[in-house]
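An overview of the molecular structure
What follows is each chain in one-letter form.
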Amino acid sequence: MNPKNILITGLPRSGTTLLCHLLNKAVNTVALHEPLPVMDFQRELTIDGICVRIDSFFAGTRRSLLEKGTAPSRHVNGKVPDNPFNANPGAGGLRKSIQDEVTPIIFNKPLDENMVLAVKHTAAFAALLDGLAPRFNCWAVVRNPLSVLMSWQTVDIPINRGRIPAAEAFSPELKALLDDEEDVLKRQITILQWLFGRFAAFLPPDRIIRYETIITSGGACLAGISPTAAVFREPLTLQNRNPLYPEDLYEKVGKKLLDSPGPAWQFYTREEVEKIIHPSRKLRHNSTIKGSESLRVNFLIIGAQKCGTSALAHFLAQHPEICIPSKKELHFFNSPQYSEHRDSHEIAKLYHRHFPNPAGRSLTGEATPAYVFLPFVPQRVHAYNPDMKLICLLRDPAARAWSQYRMELARGTERRGFWHSILREWLQYRRDRDNYLLLTKSKPLRRFCYLERGLYNHQISRWLTFFHPSQLLLIPTEDLRNNHEATLKGIYEFLQVNDRKFMPKKEIIFSTEGEESPGFFTRIALNLYFRRDRIKLKELTGLDLKEACLQEPL
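Given the structure is predicted, the values throughout are model-derived calculations rather than measurements. Every residue gets a number counted from 1 within its own chain, in the order that chain's sequence is written. Totals for whole chains, interfaces and linings use all residues, but because this is a predicted model, local features are given only for residues with pLDDT of at least 70 and pairs of side-chain atoms are given and counted only at 80 or more. For the side-chain quantities, the full set of heavy atoms in the structure was used; hydrogens and water were omitted.

1. Some points on the layout of surface pockets
- Cavities and pockets are found on a 1 Å grid laid over the protein atoms alone: a cavity is a set of points where a 1.4 Å probe fits but cannot escape, a pocket is an open set with protein on both sides within 12 Å along at least five of seven lines, and a lining residue has an atom within 4 Å of such a point. Grid points are joined across faces, edges and corners, and a volume is the space filled by probe spheres set on the points. Put simply, the second largest pocket is a space of about 1,200 Å³.
- Around the second largest pocket, the lining is made up of 48 residues, and of these R13, T17, P84, F85 and K120 lie nearest the centre.
- A run of H or I in DSSP becomes a helix once it reaches four residues, and a run of E becomes a strand once it reaches two; helices and strands are each numbered from the N terminus. If you list the elements that add at least two residues to the lining of the second largest pocket, you get α1 (16–23), β4 (100–106), α3 (122–127), α6 (165–168) and α9 (211–216).
- Here the element with the most residues in the lining of the second largest pocket is α1; it accounts for five residues.
- Each residue is assigned to one of three groups, with Ala, Val, Leu, Ile, Met, Phe, Trp, Tyr, Cys and Pro labelled nonpolar, Asp, Glu, Lys and Arg labelled charged, and all others, Gly among them, labelled polar. Grouping the amino acids of the lining of the second largest pocket by side-chain chemistry returns 23 nonpolar, 14 polar and 11 charged.

Below, the structure written as structure tokens:
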């Protein structure tokens, strides 16, 4: 699998065309809007044949882009638009598509063989996702389900009539469900829940992008697809309550949606839908997601393990405006207590049990370094508090890996030699890395990930999928150790607390006194292993973690 060959699916009218439009502004990146004759895929007897067709398309399109600078796509005047529909309703009250059919268009930008090439087809790729996801780098875009349904009421395509031909062609079960239902709105809700179910079943959470996050991040959350998108600050406007949507239908459509069970509620809360129906009404969600008016968890120290998180939590807990629970590492967002089947009020109530709230402390946070590593946590944190501030300490990954190994040896949980342990990680973790339930429950599976925990670029990209870069503060551990006061002042400024009220004395961040050092070849091998990820992290965030060769003065 070429990870730079990207398949994009999503809910129709969720922002997938906007995503392609934005990606085409990224360096060395091309995104194509519905270039494949997907209905012809019905002639293929197996998913293997379809994958061969897609692979062949990627190869041919890459050649065309490199040799001619052209690729096939639906387009408007030679460009992939941000919205493929007319802003003004036509004679029948519905908006018409403004796109031309698939023809070659010119991409006048520097491209090389390492380009990111994305292909978007919403319905067909969703229907084929169980076969495509194991073979391709697949992503999906979702959006508030009520906004999606309301948009469907305004466009002149089959989804307006409760049909989705490109999905029905590959899913006889979906077609049968729609054939048996006469009510158009019920058919639309069936399609909506079916699509959400496909994404929940076959894509990891970090491959699912919320339209709302694309807008609030100015497109920067697309860095997971194309790292150069991390610099995006596009002026985008949220259209979840678009004035083009029929005002008199919000109550009717919203009530039917709220009464429907299904996978959509794994991605959005019913409170978020109610907010679309009644934007000016004060909902229970707004006052009780905190558990009480005096409590809201405002920030998290998300990682990384063995990078000084205990010391930082200790320093921040001494500040008179900051409340941190005495128990470090709550692991709430990766615990069995957290369930997508609970509503936001229940989740908040369970979470807030862990936090005291002394008078005068206006800011509440916690430190769980596993959060940065676990792929399903960013989406859960975002669902709890989309305004959460995130602090992440990062250390030279080679030194971090060796330090974690020595810690497990000292605990008695690790009995193997270092390279024997690395082999076990390759065999066990890489086999089970996509089993998110196992990652949630299995401490041993997480405990012995010496290499994987140090691949920071991929981990940070997942968080930037859900949070704006301004919400994430990355700190080299050596700064906390060597520039103690200046670093803490920077953190206080990020958290918006008074840096003049208190400045804790510098203490040991972590100690390796008496710890055995690795051999020369171990040092070299680890630094070589992490070098590529270190370069990608610098490209994504600007943070340069210089190689310490495991000789850092701890």
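2. Observations regarding the pattern of salt bridges
- Here, a salt bridge means any side-chain nitrogen of Lys or Arg that lies within 4 Å of a carboxyl oxygen of Asp or Glu. This structure, assessed with the given rule, holds 21 salt bridges.
- The salt bridge involving R163 is made with E168; its shortest N-O contact spans 2.6 Å.
- Residue burial is assigned from relative accessible area. The probe radius is 1.4 Å, only protein chains are included, and a residue is buried under 20% of its type maximum, exposed over 50%, and partly exposed in between. Residue classification places R163 among the partly exposed positions, given a relative accessible area of 22%.
- Between E329 and K328 there is a salt bridge, with the nearest N and O atoms lying 2.9 Å from each other.
- One connected set of salt bridges, linked through shared partners, spans R163, E168, K175 and D179.

3. What to know about the environment of S362
- Residue placement: S362 occurs in the loop between α14 (344–352) and β10 (363–367).
- Among the residues examined, S362 registers a relative accessible area of 54% and is labelled exposed.
- Every residue pair with non-hydrogen atoms within 4.5 Å of one another is taken to be in contact. Not counting residues within four places of it along the chain, the set of residues in contact with S362 comprises N298 and E321.

4. What about a nonpolar patch on the surface?
- Only residues whose relative accessible area exceeds 30% and that take part in no salt bridge are eligible for patches, with like-charged residues grouped when within 9 Å of each other and nonpolar side chains (Val, Leu, Ile, Met, Phe, Trp, Tyr) grouped when within 5 Å. In these tables, accessible area is a Shrake-Rupley quantity obtained with a 1.4 Å probe, and a residue counts as shielded only by the protein chains included in the view. The grouping of F520, F521, I524 and L528 at the surface amounts to a nonpolar patch, some 470 Å² of accessible area in total.
- Looking at the secondary structure, you find I524 in helix α23 (residues 520–541).

5. Quick look at the packing of aromatic side chains
- Note on aromatic contacts: the rings of Phe and Tyr and the six-membered ring of Trp form a pair at centre separations within 6.5 Å, being stacked when their planes are under 30 degrees apart, edge-to-face when over 60 apart, and tilted otherwise. Under the definition given, this model contains 20 aromatic pairs.
- The interplanar angle of 90° and the centroid separation of 5.7 Å between the aromatic rings of Y405 and Y450 together place this pair among those described as edge-to-face. Here Y450 lies in the loop between α19 (443–447) and α20 (456–466) and Y405 lies in helix α16 (residues 397–411), a separation of 45 residues in the sequence. Considered together, Y405 and Y450 belong to a single accessibility category, that of buried residues.
- What links up through ring pairs into an aromatic cluster is the set F332, F333, Y338, Y351, F355, Y371 and Y384.
- Criterion for a charge above a ring: Arg CZ or Lys NZ at most 6 Å from the ring centre, at most 35 degrees from the ring normal. Against the face of Y211 rests R143, its NZ or CZ located 4.7 Å from the ring centre.

6. Description of the sheet that holds strand β9 (residues 322–323)
- Strands are treated as partners if at least two bridges between them are detected by DSSP. Ordered by their spatial adjacency, five strands build an open sheet running β9-β10-β8-β11-β12, and the pairing between neighbours is parallel. Every interior strand has two partners, whereas the edge strands, β9 and β12 (472–476), have only one.
- In the sheet, β9 pairs with β10 via two bridges, with the strands oriented parallel. Residue C323 lies in a different strand from β10, and its bridge partner there is T364.

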